[in-house]
Amino acid sequence: MAASPDIKLQQQAYYNLGNTQYRMGELKFEPNTGGLDAMTETWQQAVKCYAHAAELATNDVNAAYNLAFVKQQIELIAQLKELMRRTKMEADEAVRRAEFHRALEIMEQLSQNKIAAKKFQDYVKKLKDIDAIITPHQP
């Protein structure tokens with residue numbers, strides 16, 4: 001269909017393919033870097049399809065909206081991944097200084113985000129276990 005000489009049919013095919021790629025990306029979601037990467041890659045394919053659809057029918061507000069929406073979602077994922085990377089580095093640095101309680105505070109704050117909470121749940125559990133051992137309990 002995308003190779004059809006009918007421009008309207010081509011536009012509809014690209015738009016529908018963009019929708020399909022977006023949904024496939026959602027299915028690839030796993031709250032870890034690999035899952036986020038797979039979702040982003042699939043969504044980048046959706047962006048290409050929506051861009052083709054928008055080029056073929058410049059008055060198609062749905063294609064333009066979906067194109068902008070998916071681009072924004074990809075940017076948000078990139079920002080989240082960068083936040084997770086920086087925060088984990090900060091917590092690791094606190095661990096190297098043997099500031100386990102501080103590392104735990106850093107990671108618990110990050111874990112307020114559901115995606116980050118899932119990704120770092122094992123790390124946070126280990127920090128909690130270490131903190132429980134080394135931090136005196138207050139009566």
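Each remark here, short or long, concerns the structure printed above.
Residues numbered from 1 in each chain as written. Predicted model: local features only at pLDDT ≥ 70, side-chain atom pairs only at ≥ 80, totals over all residues. Heavy atoms only, no water.

Draft legend 1. Local environment of helix H6 (residues 121-134). End to end, H6 covers 20 Å across 14 residues, agreeing with the expected 20 Å (1.5 Å per residue, within 8%). Listed as buried for H6 are Tyr123, Val124, Leu127 and Asp131. For H6, the angular spread of the buried residues around the axis is 95°, confining them to a single face. Facing away from the buried side of H6 by more than 90 degrees, the exposed set consists of Asp122, Lys125, Lys126 and Ile133. Tucked into the core, H6 has its buried residues touching helix H3 (61-96) and helix H4 (100-110). (Helix = DSSP H or I, 4+ residues; strand = E, 2+ residues; numbered from the N terminus. Expected span 1.5 Å × (residues − 1). Buried < 20%, exposed > 50% of the residue type's maximum accessible area, 1.4 Å probe, protein only. Arc of directions from axis to C-beta. Contact = heavy atoms within 4.5 Å.)

Draft legend 2. Highlighting the packing of aromatic side chains. The tally for this structure, following the rule as stated, stands at 4 aromatic pairs. Taken together, the ring pairs connect Tyr22, Trp43, Tyr65 and Phe69 into an aromatic cluster. Directly above the ring of Tyr123 sits Lys88, whose terminal nitrogen or CZ lies 4.2 Å from the centroid. (Phe/Tyr/Trp six-rings, centres within 6.5 Å; stacked < 30°, edge-to-face > 60°. Lys NZ or Arg CZ within 6 Å of the ring centre and 35° of its normal.)

Draft legend 3. Geometry of a nonpolar patch on the surface. Among the surface-exposed residues, Ile130, Ile133 and Ile134 lie close enough to one another that they form a single nonpolar patch of about 290 Å² accessible area. Within the element layout of this structure, Ile130 appears in helix H6. For Ile130, a relative accessible area of 32% puts it in the partly exposed group. (Patch = residues over 30% accessible without salt bridge, like charges linked within 9 Å, V, L, I, M, F, W, Y side chains within 5 Å. Areas by Shrake-Rupley, 256 points an atom, 1.4 Å probe, with all protein chains shown as cover. Salt bridge = Lys/Arg side-chain N within 4 Å of Asp/Glu carboxyl O.)

Draft legend 4. Layout of the pattern of salt bridges. Inspection of the entire model under this criterion finds 12 salt bridges. Among the salt bridges present, the one from Glu82 reaches Arg86, with a minimum N-O distance of 3.7 Å. Of this pair, Glu82 and Arg86 are both found in helix H3, 4 residues apart, which corresponds to roughly one turn of the helix. What you see here is one network of salt bridges that share partners, running through Glu93, Arg96, Arg97 and Glu99.

Draft legend 5. Quick peek at H3. Taking 1.5 Å per residue as the helical rise, H3 with its 36 residues ought to reach 52 Å, and the 52 Å between its terminal C-alpha atoms agrees with that figure. Taking the backbone nitrogen of Asn62 as reference, a side-chain oxygen 3.0 Å away marks Asp60 as the first, capping residue of H3. (Polar contact = N/O pair within 3.5 Å; in protein donor to acceptor, adjacent residues only side chain to side chain.)

Draft legend 6. Representation of the side chain of Asp131 within the structure. Relative to the elements of secondary structure, Asp131 occurs in helix H6. No salt bridge forms around the buried Asp131; measuring N to O, its nearest opposite-charge neighbour Lys128 is 9.4 Å away. When neighbours within four sequence positions are excluded, Asp131 is seen to be in contact with Phe100, His101 and Leu104. (Lys, Arg positive; Asp, Glu negative; His and termini not counted.)

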